[in-house]
Amino acid sequence: MINDALIQQLQKVVQMNVNMEFRSKSETEKTPDKVKAFAQKQLDFFITGIAKESPELQKLWVKGHPFHATLRFNAMTRFYDILITTAD
């Protein structure tokens, strides 16, 4: 199963990728929907890679993994913090 340390590492990597992708874009391109969609796509990519290495996870997640990228606006940085949550 995926532990909290791995989730935290994934969160850092997805955050870094989101920051790199949207850093130079205009404010109109940094909408919450676009940022969240990109973050979820990144998360799905990494989770799919992890599941490919584990037959147990493949069976468990046959209908999809339980992780979601959510956003929180950070007023200090004027950008979105990425949080990885589960449906539970």
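Parameters at a glance
The residue count restarts for each chain, going from 1 along the sequence in the order it is written. Where local features are concerned, this predicted model is filtered to residues with pLDDT of at least 70; where side-chain atom pairs are given and counted, the filter is 80 or more; whole-chain, interface and lining totals use all residues. Excluded from the side-chain calculation are hydrogens and water; included are all heavy atoms of the structure. To pair, rings of Phe, Tyr and Trp, with the six-membered ring standing in for Trp, must have centres within 6.5 Å; the planes then decide the type, stacked if under 30 degrees apart, edge-to-face if over 60, and tilted in the middle. Over a ring means this: the NZ of a Lys or the CZ of an Arg is within 6 Å of the ring centre and within 35 degrees of the ring normal. Helix and strand definitions here come from DSSP, where helices need a minimum of 4 consecutive H or I residues and strands a minimum of 2 consecutive E residues; each element is numbered from the N-terminal end. Under the scheme applied here, a residue whose accessible area is under 20% of the maximum for its type counts as buried, over 50% as exposed, and between as partly exposed, the area being computed with a 1.4 Å probe on protein chains only. Polar contact is the term for a pair of N or O atoms within 3.5 Å; when the atoms are in protein, one must be able to donate a hydrogen and the other to accept it, and sequence-neighboring residues count only if both atoms are side-chain atoms. Only heavy atoms matter for contacts: two residues are in contact if any of them lie within 4.5 Å across the pair. One less than the number of residues in a helix, times 1.5 Å, gives the span that helix is expected to have. The directions considered for the arc run from the helix axis to the C-beta atoms.

Student: For this particular structure, what's the right way to read the packing of aromatic side chains?
Tutor: One pair of aromatic rings is described through two measures. These are the centre distance and the angle between the planes. Summed over all chains, the structure comprises five aromatic pairs. Sitting over the ring of Phe22, Lys25 keeps its end group 5.8 Å from the ring centre.

Student: Quick question: what am I supposed to make of the side chain of Gln40 here?
Tutor: Turning to its location among the elements, Gln40 is positioned in helix α2 (residues 32-52). Here Gln40 falls in the buried class, since its relative accessible area comes to 19%. At 2.7 Å, the side chain of Gln40 forms a polar contact with the backbone nitrogen of Ala69. Excluding residues that lie within four positions of it along the chain, Gln40 makes contacts with His65, Phe67, His68 and Ala69.

Student: So what exactly am I meant to see when it comes to helix α1 (residues 4-22) here?
Tutor: Spacing of three or four residues puts side chains on the same side of an α-helix, whose turn is 3.6 residues. If you check α1, its first and last C-alpha atoms are 27 Å apart, about what 19 residues at 1.5 Å a residue would give, namely 27 Å. For α1, the full list of buried residues reads Ile7, Leu10, Val14, Gln15, Asn17, Val18 and Phe22. Within α1, the buried residues cover an arc of 170° as seen down the axis, which keeps them to one side. Of the exposed residues in α1, those oriented more than 90 degrees away from the buried face are Ala5, Gln8, Lys12 and Met20. Where α1 is buried, its residues touch α2, β1 (67-74) and β2 (79-86).

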